[in-house]
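Residue-level listing of the chains:
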Amino acid sequence: MIAKQYPIPLPTDYDMQIIRRRVAEKGGTFDKRPGLLFKAFLISERVRGASLNQYAPFYVWNETEALWDFVAGSGFDGIIESFGRPAILTWLPLSIEMRQGLRRDAVRSALREDMPIHIEADLPKLRKAQIDGCKSAMASDPGIALQLVAANIERWSMVRFTLRYDQPTATAPGTHAYEVLHLSAPGRA
């Protein structure tokens, strides 16, 4: 299993309706994509308080072969043609908690929290704490639709990715807030 995101910064005056139309037209093609657990079509907009306009889809793939078939196939050509070939951030999932009866059409927002893994960290304890934290967050916050914690062991960092049924009220430093335009979740069963 692998998580990935390719944030694409867009100019300040970029018409974000272009992205909204693109997702409305093509988002459904991922609803039955083999090997994909989920894809969240995400944007941030300056007019809504973000620091920049950005298109930043976030994926979790059940199979690396399916990820490669997408990136090296015609599915990714549209991104390359429109924006160039973006750098793709990747993480290895440690924990994914998904709300029973996930209502994908009701998911409104996403948060990505970036966290360093300190050199002195006890890795087994850190992993257990993050897994327990995911379970606890799901149990105590009905606004969470899905939460994932994943690690990048090249950069020794972690990400906590949360899909929400509501809009977050505030974000902390190192946190990126997004609007969810569409959520495909073919692998949720």
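Before reading further, recall that the structure is shown in the block above.
The structure reproduced in this document is the subject of the present report. All figures in this text were calculated on a predicted structure; none of them were measured in a lab. Position numbers for residues start from 1 in each chain and track the written sequence from start to end. Owing to the predicted nature of the model, reporting of local features is limited to residues with pLDDT of at least 70; listing and counting of side-chain atom pairs is limited to 80 or more, with chain, interface and lining totals taken over all residues. In computing side-chain values, all of the structure's heavy atoms are included and hydrogens and water are not.

1. Here we look at the packing of aromatic side chains
Between rings of Phe, Tyr and Trp, where Trp is taken as its six-membered ring, a pair exists when centres lie within 6.5 Å; planes separated by under 30 degrees are stacked, by over 60 edge-to-face, and by other angles tilted. Inspection of every chain in the model, using the stated rule, returns 13 aromatic pairs. Summarising the aromatic geometry, the rings of Phe30 and Tyr59 are spaced 6.3 Å apart at their centres and angled 70 degrees between planes, so their arrangement reads as edge-to-face. Taken together, the residues span a long stretch of sequence, with Phe30 in the loop between helix H1 (17-26) and strand E3 (36-44) and Tyr59 in strand E5 (residues 58-61) at a distance of 29 residues. With a 1.4 Å probe rolled over the protein chains alone, any residue whose accessible area is under 20% of its type maximum counts as buried; one over 50% counts as exposed, and the rest are partly exposed. A relative accessible area of 8% means that Phe30 is categorised as buried. Look at Phe38 and Phe161: their rings are 6.1 Å apart centre to centre, the planes differ by 15 degrees, and that puts the pair in the stacked class. With Phe38 in strand E3 and Phe161 in strand E9 (residues 157-164), this pair connects stretches of sequence that are 123 residues apart. Neither Phe38 nor Phe161 differs from the other in exposure class; each is buried. Secondary structure elements follow DSSP: runs of H or I of four or more residues count as helices, runs of E of two or more count as strands, with numbering from the N terminus.

2. Overview of helix H2 (residues 64-71)
Every buried residue of H2 is accounted for by Ala66, Leu67, Phe70 and Val71. In an axial view of H2, the angular spread of the buried residues amounts to 130 degrees, which keeps them on one side of the axis. Summarising the geometry of H2, the exposed residues directed more than 90 degrees from the buried face are Thr64, Glu65 and Trp68. Buried-residue contacts for H2 involve strand E1 (2-5), E5 and helix H3 (74-83). Here the arc refers to the directions that run from the helix axis out to each C-beta atom. Residues count as neighbours in contact if any of their non-hydrogen atoms are within 4.5 Å of one another.

3. Some remarks on the pairing of E3
Counting buried positions along E3 yields nine of nine residues, so the element is predominantly enclosed. Strands qualify as paired when DSSP identifies two bridges or more between them. With four bridges joining them, E3 and E5 adopt antiparallel strand pairing. Looking across to E5, one finds that Ala40 is bridged to Phe58. Relative to strand E10 (residues 175-184), E3 runs antiparallel, the two sharing five bridges. Bridge pairing in E10 links Leu42 to Val180. For E3 and strand E4 (residues 53-55), the ladder comprises two bridges, and the chain directions are antiparallel. Counterpart to Ser44 in the pairing with E4 is Gln54.

4. Thoughts on helix H4 (residues 123-140)
Expected helix span is computed as 1.5 Å times (number of residues minus one). Along its 18 residues, H4 runs 25 Å from first to last C-alpha, staying within 8% of the 26 Å computed at 1.5 Å per residue. Restricting attention to buried positions, one finds in H4 the residues Gln130, Ile131, Cys134, Ala137 and Met138. The arc enclosing the buried residues of H4, seen along the axis, measures out at 125 degrees, which places them on a common side. Set apart from the buried face of H4 by more than 90 degrees, the exposed residues are Pro124, Lys125, Lys128, Ala139 and Ser140.

5. Overview of the nonpolar core
Working definition of a nonpolar core: buried Ala, Val, Leu, Ile, Met, Phe, Trp, Tyr and Cys residues. They are joined through side-chain atoms within 4.5 Å. Phe38, Phe58, Phe161 and Leu163 are the most contacted members of the largest nonpolar core, which has 24 residues in total. Elements supplying a minimum of two residues to this core: E3, E5, strand E8 (144-152), E9 and E10. With 20 residues, the next largest nonpolar core counts Leu10, Ile19, Trp61 and Ile79 among its residues.

6. Remarks on the environment of Ser184
Assignment of secondary structure puts Ser184 in strand E10. Residue classification places Ser184 among the buried residues on the basis of a relative accessible area of 0%. Residues Ser184 and Gln147, 37 residues apart in the sequence, show an inter-C-alpha distance of 15 Å. Aside from chain neighbours lying at most four places away, what touches Ser184 is Gly27, Phe30, Asp31, Leu37, Phe38, Lys39, Phe41 and Arg104. At a separation of 3.2 Å, a polar atom in the side chain of Ser184 contacts the side chain of His182. Between N or O atoms, a polar contact is any pair within 3.5 Å; within protein, one atom must be a potential hydrogen donor and the other a potential acceptor, and residues adjacent in sequence are included only when both atoms are from side chains.

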